[in-house]
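# Structural overview for review
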Amino acid sequence: MTLQSGDSIPELTLTLVDEAGPKPVASKDFFAGKTVVLFAVPGAFTPTCSARHLPGFKDHVADFAAKGVDVVACTSVNDYFVMKAWAKDQGISDEVVMLADGNGDFAKAMGLTLDASGFGMGPRSQRYAAVIRDGKIEKLFVEAGGEFKVSSAEYVLENL
C-alpha cells in the first residue's frame, strides 16, 4: 500500500552519498526536525531523470529554501557508486543530497515500486516527489506511468 499524506517515513537505512565514502543513515534521523523535499527517480543516468528531473531540482534549490525547505534530496534504486557517479556527471555537490536505495527497500516501504523488468532494469522506484516535515509526509506527488508532470521541481514549488 502506498503511503499517504500524514504517514511517517518508513524507518530503515539509506546510503548517503558522501565524498568520504558510503555513509549509512537512518531515515528517521535524516528526516527528523527539518523540511525535506524528496524526489525519487527510476534510475540514475536514465534519460528523463538526467535531462529533466535531477537538473530541475538542482536549478530550484534556492527557490525551495525561500519557501522554508531545509533539504532537497534525491533517491533511486541504485547503489552508492552509481549515485555518486551520477551526481558527479550532473555537477551535483551538496545542493541536492543523494540517497542510494540499493536494494529498493525504501521504495518498497513507501509502496512506490515499479517493475522495469521489460527494460532490463528490474524493480525500481516510481517517479515521485514528497514534502516531508519532521519525518511525516505532508504532500506526495506520484507520477502516472510514463509521465513527468507532478514530480517536477516546478510543480512541487507551485504546490508547497
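Structure report, in brief. (Residues numbered from 1 in each chain as written. Predicted model: local features only at pLDDT ≥ 70, side-chain atom pairs only at ≥ 80, totals over all residues. Heavy atoms only, no water.)

### Describing helix α4 (residues 80-89)
Tyr80, Met83, Trp86 and Ala87 are the residues of α4 that are buried. When α4 is viewed along its axis, its buried side chains cluster within an angular range of 130° and face the same direction. For α4, the exposed residues lying more than 90 degrees away from the buried face are Phe81, Lys88 and Asp89. Tucked inside the fold, the buried residues of α4 contact β1 (13-16), β3 (35-41), α2 (47-59), β4 (71-76) and β5 (97-100). For α4, the capping residue at the N-terminal end is Asp79, with a side-chain oxygen 2.8 Å from the backbone nitrogen of Phe81. Backbone geometry just after α4 places Gly91 at a positive phi near 70°. (Buried < 20%, exposed > 50% of the residue type's maximum accessible area, 1.4 Å probe, protein only. Helix = DSSP H or I, 4+ residues; strand = E, 2+ residues; numbered from the N terminus. Arc of directions from axis to C-beta. Contact = heavy atoms within 4.5 Å. Polar contact = N/O pair within 3.5 Å; in protein donor to acceptor, adjacent residues only side chain to side chain.)

### A look at the side chain of Ser152
Along the chain, the position of Ser152 falls in the loop between β9 (136-142) and α6 (153-158). In terms of polar contacts, Ser152 uses its side chain to reach the backbone amide nitrogen of Tyr155, at 3.1 Å. Setting aside anything within four residues of it in sequence, one finds Ser152 in contact with Phe57 and Glu143.

### Here's the deal with the packing of aromatic side chains
Counted under the stated rule, the structure contains six aromatic pairs. Each ring, one from Phe141 and one from Tyr155, has its centre 5.5 Å from the other, and the planes form 85°; the classification is edge-to-face. On the criterion of sequence distance, the pair formed by Phe141 in strand β9 and Tyr155 in helix α6 is long-range, its members being 14 residues apart. Owing to a relative accessible area of 10%, Phe141 belongs among the buried residues under this scheme. You can call Tyr155 partly exposed: its relative accessible area is 29%. Pairwise contacts between aromatic rings join Phe30, Phe31 and Phe106 into one cluster. (Phe/Tyr/Trp six-rings, centres within 6.5 Å; stacked < 30°, edge-to-face > 60°.)

Note that every value here comes from positions in space, so none of it alone points to a role or purpose.
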